[in-house]
Amino acid sequence: MNQHERVETSGAAGDADMPVATATVTDRVWDRLLAARKDRTVGAHSDWTPAERAAWALYAPLLGRNDQPLVFAQIGQSLDGRVATIDGDAADVSGMEGLKHLHRCRALADCVIVGANTAIQDNPRLTVRLVRGDNPVRVVIDPRGRLQDSAAMLEGERCLVVQAGDRDRPVGVDTLKVASSAEGLDAVSIIAGLIERGFRRIMIEGGGITIGHFMDADLVDRLHVGIAPLIIGAGPPGLTTSPISLLAQARRPRARVYGLASDIIIDCDFRL
Ligand SMILES: NC(=O)c1ccc[n+]([C@@H]2O[C@H](COP(=O)([O-])OP(=O)(O)OC[C@H]3O[C@@H](n4cnc5c(N)ncnc54)[C@H](OP(=O)(O)O)[C@@H]3O)[C@@H](O)[C@H]2O)c1
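Per chain, the residues get numbers from 1 upward, laid out in the order the sequence is written. Two thresholds apply to this predicted model, a pLDDT of at least 70 for residue-level local features and 80 or more for giving and counting side-chain atom pairs, whereas whole-chain, interface and lining totals are computed over all residues. Hydrogens and waters are ignored; side-chain quantities use all the structure's heavy atoms.

**Quick word on the overall build of the protein**
Short version of the rule: Going along the chain from the N terminus, every DSSP run of H or I of four or more residues is numbered as a helix, and every run of E of two or more is numbered as a strand. Throughout, radius of gyration means the C-alpha value; the globule benchmark is 2.2 Å times the number of residues raised to the power 0.38. Relative accessibility thresholds used throughout: buried, under 20% of the residue-type maximum; exposed, over 50%; partly exposed, between the two (1.4 Å probe, protein chains only). Note on contacts: a residue pair is in contact if any heavy atoms of the two residues lie within 4.5 Å.
Counting its secondary structure elements, the protein contains 6 helices and 14 strands. Computed over the C-alpha atoms, the radius of gyration of the protein is 18 Å, within 12% of the 19 Å expected from 2.2 N^0.38 for a compact globule of 272 residues. In terms of its C-alpha atoms, the protein occupies a principal-axis envelope of roughly 55 × 40 × 35 Å. In the protein, which comprises 272 residues, the share counted as buried stands at 50%. Of all intrachain contacts in the protein linking residues separated by at least 6 positions in sequence, the fraction that spans at least 24 positions is 69%.

What follows is the structure in structure tokens.
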């Protein structure tokens, strides 16, 4: 580390009194985030602009601390909290910077989880094609074996299906069998199984039902909610957690807001 570098992986933004920090991910910021992914002693540069420092503050916490596992979720939604139309059109909810944000999150993760509905309705590839970086291992939670073997995310290398039974999957696809109850597959066992396989940065991409399972089990350390300026009217919600009766019971994480050109990102820390 030279004199211009400082380690700043805690997420404390340089301009803490700013209500919204404009974040700009320049090549030099992204290069250092990719380097910090492999070597946690790599930090931000002191001569960066405020917008570059804000970008570091937004993404560096996703790298975790030491060797501790970190579970983070991201969802990109409309002003009215939807992630798709009632007919399942979900392609352009986020703006271009919101989409790049999603791909950056994937590139910083070891594995990325989606639920069966997302895998079936969107047929995603879960790659990082909009940014430089390595594709994460793709994980789908498909308890009832609904996902077809021809699904895009099961093609190519490194994918894993979390399931309740012994359904055979295509050659090369790993499986993780998890006990099922009335509440679904045990979220704690899913995370424990992924950690056992060596994953440390575990990203939950959605949809809302899947993120909700992990949030209800208090397994999500960090949540990025991206909001794009469009109104959909009806459709699946961004987050689906257990209902509460009183606002006093609502979870209120420490949050910071970042502006990413086309979208805003609310970065919620559930461990502070
Ligand atoms: N904008 C974004 O950032 C974003 C990201 C991802 C997805 N999406 C959108 O979200 C929509 C789908 O979301 P969704 O909330 O309806 O569904 P989802 O979360 O994609 O999938 C839910 C399904 O996954 C399985 N599942 C997940 N966790 C489970 C657990 N712990 N135990 C048991 N089963 C579990 C269940 O499958 P079974 O029903 O088979 O039991 C469950 O019904 C799509 O429109 C997609 O486009 C948007």
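**Comments concerning the site of the ligand**
Threshold: A cutoff of 4 Å decides nearness: a residue is near a molecule or strand if any of its heavy atoms lies inside that distance of it. Any pair of N or O atoms that falls within 3.5 Å is considered a polar contact. Within protein, one atom must be able to donate a hydrogen and the other to accept it, and sequence-neighbouring residues count only if both atoms are side-chain atoms. Accessibility throughout is a Shrake-Rupley quantity obtained with a 1.4 Å probe, and a residue counts as covered only by protein chains that appear here. Note on residue categories: nonpolar means Ala, Val, Leu, Ile, Met, Phe, Trp, Tyr, Cys or Pro, charged means Asp, Glu, Lys or Arg, and polar means any other residue, Gly included.
Around the ligand, 26 residues are found, and the nearest of them are Gly-76, Thr-118, Asp-122, Leu-185 and Thr-210. Asp-122 is positioned with one of its side-chain polar atoms (N or O) 2.5 Å from an oxygen atom of the ligand. Burial of the ligand by the protein amounts to 90% of the accessible area it has alone, namely 920 Å². At the level of secondary structure, the elements contributing two or more residues to the shell around the ligand comprise strand E4 (70–77), helix H4 (116–122), strand E10 (184–185), strand E11 (201–206) and helix H6 (208–216). Ranked by residues supplied to the shell around the ligand, first place goes to H4 with 5 residues. Grouping the amino acids of the shell around the ligand by side-chain chemistry returns 10 nonpolar, 12 polar and 4 charged.

**Overview of the sheet that holds E4**
Rules: Two strands form a pair only when DSSP identifies at least two bridges running between them. All axes here are fitted lines through C-alpha atoms, helices being fitted over the stretch that makes contact, and every angle between N-to-C directions spans 0 to 180 degrees.
The strand order across the open sheet built from 10 strands is E2-E13-E14-E12-E4-E11-E5-E6-E7-E8, with neighbouring strands paired in mixed fashion. The open sheet is flanked by strand E2 (20–22) and strand E8 (174–177), the only strands paired with a single partner. Taking each pair of neighbouring strands and ignoring which way they run, the sheet shows an average axis angle of 25 degrees. Relative to E11, strand E5 (residues 111–115) is paired through 4 bridges, and the arrangement is parallel. Each residue of the ladder has a partner; that of Cys-111, found in E11, is Ile-202. Sheet strands in contact with helix H3 (residues 96–108) are E4, E11, strand E12 (222–227), strand E13 (254–260) and strand E14 (263–269), and its direction is about 145 degrees off that of E11.

**Description of helix H2 (residues 50–59)**
Burial within H2 is extensive, with 9 of its 10 residues counted as buried. Along H2, the residues classified as buried are Ala-51, Glu-52, Arg-53, Ala-54, Ala-55, Trp-56, Ala-57, Leu-58 and Tyr-59.

**Considerations on the environment of Val-20**
Following the sequence through the fold, Val-20 ends up in strand E2. On a C-alpha basis, the gap between Val-20 and Asp-122 in space is 32 Å, while along the polypeptide they are 102 residues apart.

**Details of H6**
Count 3.6 residues to each turn of an α-helix, and residues three or four apart come out pointing the same way. The set of residues buried in H6 consists of Gly-208, Thr-210, Ile-211, Gly-212, Phe-214 and Met-215. Along its buried surface, H6 packs onto E4, E5, strand E6 (137–141), helix H5 (187–196), E11 and E12. Residue Asp-218 follows H6 closely and has a positive phi angle near 55 degrees.

**Examining the environment of Arg-28**
Mapped onto the elements of the fold, Arg-28 is located in helix H1 (residues 27–38). Once the C-alpha coordinates of Arg-28 and Glu-52 are considered, the two residues, 24 residues apart in sequence, prove to be 8.9 Å apart. Arg-28 has contacts with Asp-47, Trp-48, Thr-49 and Glu-52, leaving out every residue within four places of it along the chain.

**Structural notes on unusual backbone geometry**
For the bond running from Gly-206 to Gly-207, omega is 0 degrees, close enough to zero to count as cis. The phi angle at Leu-126 is positive, at roughly 60 degrees, despite the residue not being glycine. Its place among the elements puts Leu-126 in the loop between H4 and E6. Although it is not a glycine, Asp-218 sits at a positive phi angle of roughly 55 degrees. We classify Asp-218 as partly exposed; its relative accessible area is 39%.

**Describing the confidence of the model for the protein**
For clarity, the threshold we go by: Each residue carries a pLDDT score, the predictor's confidence in it, ranging from 0 to 100.
With 93% of its residues at a pLDDT of 70 or more, the protein has an overall mean of 91. Low pLDDT, under 50, characterises residues 1–16; the stretch is placed with 37 contacts to residues that sit more than four places away or in other chains.

**Notes on the side chain of Gln-77**
Within the secondary structure layout, Gln-77 lies in strand E4. If we ignore the near neighbours within four places in the chain, the residues touching Gln-77 are Arg-82, Val-83, Val-93, Val-225, Gly-226, Ile-227, Ala-228 and Gly-238.

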